[in-house]
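Examining the three-dimensional arrangement
In case you want the letters, here they are:
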Amino acid sequence: MDNTPATDETLTIQLKNGDLHAGSVLYNRHKKAVYSFCLRMLRDPTSAQDAAQETFLKMISKIQSVQQGTTLKSWLFSVARNEVLMVLRRNKIVPMEPLDDEVEAYDPATPLSVSMDSELREKISHAIAQLKPAYREAYLLRETEGMSYEEIASATGTTVSAVKTKLFKSRTALHAMLKPYL
Amino acid sequence: MNHENIQQQISQFMDNELPKEQQRELFMHLAECEECREFFVESKRIHDAVHTLVDEPFPADMDRKFSVLRLGNADHPYVAQKMLVSIPSALLTVIAAFLIGFSLLFSFQTLSGPEPDRFQQTFNDHQFFNSQVPLRN
């Protein structure tokens, strides 16, 4: 008997055919990553939960729009990204700025908070939170989700070249913010 | 090669996306340039530390909200479609069962009805005949 877990691709096809158990498996497989991404983007557990919840409801109701050649993971994160974007716009927190080489990846006027404790990890978390959303999303998708450049480009509706630039700028920004603690 | 180009290469190297040939060039530059080497070491430290970041606890009530997935979600187009199909089907089945039941009952009455009537009529006729015709000696 084959005990290999079903791939996302197989489960997506099953869900498209109305198998809600497949949807349940996909939900359990991706829930933590999607929630974690939403939380790191929004920095508010309630908003993050709402965004993640909407993402999975859309997975169920709009699964037909996952096209062949697109991975479910990048599709899910593109939905999650849109949900995050809506919350950011609704709360007028920070608009998602289009990629511009001249735009700083973070606001140098708001240096890392002095309330940070001595742990490097906490400093890093805080520094990531200081990145502007357009950079933060690319950085998180790469570093915490391990997505390829192509997947990030697909999830964020941009090009591979733009993804490379976002990652590079995010890293230089993090380096600048964290240099005093390294 | 300027420092910014090198830092871009370092970024791609950390993503395992830098081609081998460029990796060789990168390390040749790093061997010579202290500024870039420092950037590489410190960026690598951040990169490694990011991978040890602990996720926030997952909210337990989110699972409860999604338990509907396991039970079936009426908003799902397929579930809705199945419901749309199944409700009229059930009604049609009930109506058809009634119709078949009535027809069977009617047929049974039609088939079985005339026999006792004819028998009764014959019996009556016989009685009448018997009553009208005097017995012979």
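Reading the values: rules and limits
Residues numbered from 1 in each chain as written. Chains lettered and ligands numbered in written order. Predicted model: local features only at pLDDT ≥ 70, side-chain atom pairs only at ≥ 80, totals over all residues. Heavy atoms only, no water. Helix = DSSP H or I, 4+ residues; strand = E, 2+ residues; numbered from the N terminus. Contact = heavy atoms within 4.5 Å. Axes fitted to C-alpha atoms, helices over the stretch in contact; angles between N-to-C directions. Parallel < 35°, antiparallel > 145°, perpendicular 65-115°, else oblique. Left-handed = near helix turned anticlockwise from the far one by under 90°. Nonpolar A, V, L, I, M, F, W, Y, C, P; charged D, E, K, R; others polar. Phe/Tyr/Trp six-rings, centres within 6.5 Å; stacked < 30°, edge-to-face > 60°. Buried < 20%, exposed > 50% of the residue type's maximum accessible area, 1.4 Å probe, protein only. 1 Å grid on protein atoms, 1.4 Å probe; cavity = no way out; pocket = protein on both sides within 12 Å on 5 of 7 lines; lining within 4 Å. Points joined across faces, edges and corners; volume = space filled by probe spheres on them. Salt bridge = Lys/Arg side-chain N within 4 Å of Asp/Glu carboxyl O. pLDDT = per-residue confidence, 0-100. Polar contact = N/O pair within 3.5 Å; in protein donor to acceptor, adjacent residues only side chain to side chain. Buried area = accessible area lost by both parts, 1.4 Å probe.

A few points about the environment of B:Phe13
Residues and elements named next belong to chain B. Within the secondary structure layout, Phe 13 lies in helix α1 (residues 3-14). For Phe 13 and Phe 40, which are 27 residues apart along the polypeptide, the C-alpha to C-alpha distance reads 9.9 Å. Non-local contacts of Phe 13, meaning those with residues more than four positions away in its chain, are made with Leu 18, Gln 23, Leu 26, Phe 27 and Phe 40.

Quick word on the packing of α1(B) against helix α2 (residues 20-32) of chain B
All names here are of chain B. Their axes nearest at 10 Å, the elements α1 and α2 cross at an angle of 125°. The angle between α1 and α2 falls in the class oblique. The handedness of the crossing between α1 and α2 is left-handed. Across from His 3, Ile 6, Gln 9, Ile 10 and Phe 13 in α1, the residues of α2 making contact are Gln 22, Gln 23, Leu 26, Phe 27, His 29 and Leu 30. Here the contact of α1 with α2 is composed, by residue class, of six nonpolar, five polar and no charged.

A few points about the packing of aromatic side chains
Counted by the stated rule, this structure contains six aromatic pairs over all chains. Ring centres of A:Tyr35 and B:Phe58 lie 5.6 Å apart, and the angle between their planes is 80°; on these two criteria the pair is classed as edge-to-face. With one member in each of two chains, A:Tyr35 in helix α2 (residues 20-42) and B:Phe58 in the loop between α3 (34-50) and α4 (60-65) form a pair that bridges those chains. Across the pair, B:Phe58 and A:Tyr35 agree in class, each one buried. Among the aromatic residues, those joined into a cluster by ring pairs are B:Phe13, B:Phe27 and B:Phe40.

Some words on empty space enclosed by the protein
Inspection of every chain in the model, using the stated rule, returns one cavity of 30 Å³ or more. In this model, the largest cavity occupies a volume close to 50 Å³. Lining the largest cavity we find A:Tyr139, A:Arg171, A:Leu174, A:His175, B:Met14, B:Ser43, B:Ile46 and B:His47. Here the residues of the lining of the largest cavity sort into four nonpolar, three polar and one charged.

A closer look at unusual backbone geometry
Although it is not a glycine, A:Arg43 adopts a positive phi angle of roughly 60°. Relative to the helices and strands, A:Arg43 resides in the loop between α2 and α3 (45-61). Given a relative accessible area of 45%, A:Arg43 falls into the partly exposed group. Positive phi outside glycine occurs at B:Asn16, with the angle close to 55°.

What about the packing of helix α5 (residues 120-130) of chain A against helix α8 (residues 160-178) of chain A?
Residue and element names in this part refer to chain A. In the contact formed by α5 and α8, the axes pass within 10 Å of each other and the chain directions differ by 130°. What the angle tells us is that α5 and α8 run oblique. Judged by the twist between their axes, the crossing of α5 over α8 is right-handed. Within the contact between the two elements, α5 uses Lys 123, Ile 124, Ala 127, Ile 128 and Gln 130 and α8 uses Leu 174, Met 177 and Leu 178. In terms of residue class, the contact of α5 with α8 is built from six nonpolar, one polar and one charged.

Observations regarding the side chain of A:His30
With respect to the helices, strands and loops of the structure, A:His30 is situated in helix α2. Excluding anything up to four places from it in sequence, A:His30 contacts A:Asp8, A:Phe56, A:Leu72, A:Lys73 and A:Leu76.

Brief notes about the pattern of salt bridges
Tallying each qualifying case throughout the model produces 13 salt bridges over all chains. Across the pair A:Lys166 and A:Glu137 runs a salt bridge, and its minimum N-O distance is 3.8 Å. Here A:Lys166 is found in helix α8, whereas its partner A:Glu137 is found in helix α6 (residues 133-143), with 29 residues between them in sequence. Of the residues examined, A:Glu137 reaches a relative accessible area of 1% and is grouped as buried. If you follow the salt bridges from partner to partner, you end up with A:Arg142, A:Glu143, A:Arg171, B:Asp15 and B:Glu17 in one network.

Regarding the confidence of the model for chain A
Residues and elements named next belong to chain A. Mean pLDDT over chain A stands at 84; residues scoring 70 or higher make up 84%. Across residues 97-102, confidence stays below pLDDT 50; counting only partners more than four residues off in sequence or on other chains, it has 11 contacts. The low-confidence segment residues 111-118 (pLDDT under 50) makes 13 contacts with residues lying over four places distant or belonging to another chain.

Structural notes on the side chain of A:Thr156
Residues and elements named next belong to chain A. When you line up the elements, Thr 156 lands in helix α7 (residues 149-156). In terms of polar contacts, Thr 156 uses its side chain to reach the backbone carbonyl oxygen of Ile 152, at 2.7 Å. Those residues in contact with Thr 156 that sit more than four places away from it in its chain are Arg 81, Glu 137 and Leu 141.

Points about the interface of chain B and chain A
Counting residues at the interface gives 40 residues for chain B, matched by 43 residues for chain A. With both chains or domains summed, chain B and chain A bury close to 3900 Å², and 62% of this area falls on carbon and sulfur atoms. Applying the counting rule to chain B against chain A returns six salt bridges. For the salt bridge of A:Lys179 with B:Glu42, the shortest nitrogen-to-oxygen distance reads 3.0 Å. Seen at the junction of chain B and chain A, the total is 13 residue pairs in polar contact (both at pLDDT 80 or more). For the side of chain B that touches chain A, the elements supplying multiple residues, two or more each, are α1, α3, α4, α5 (67-71) and α6 (77-112) of chain B. At nine residues, the largest contribution of residues to the side of chain B that touches chain A is made by α3(B). Across the side of chain B that touches chain A, the residue classes break down as 16 nonpolar, 11 polar and 13 charged.

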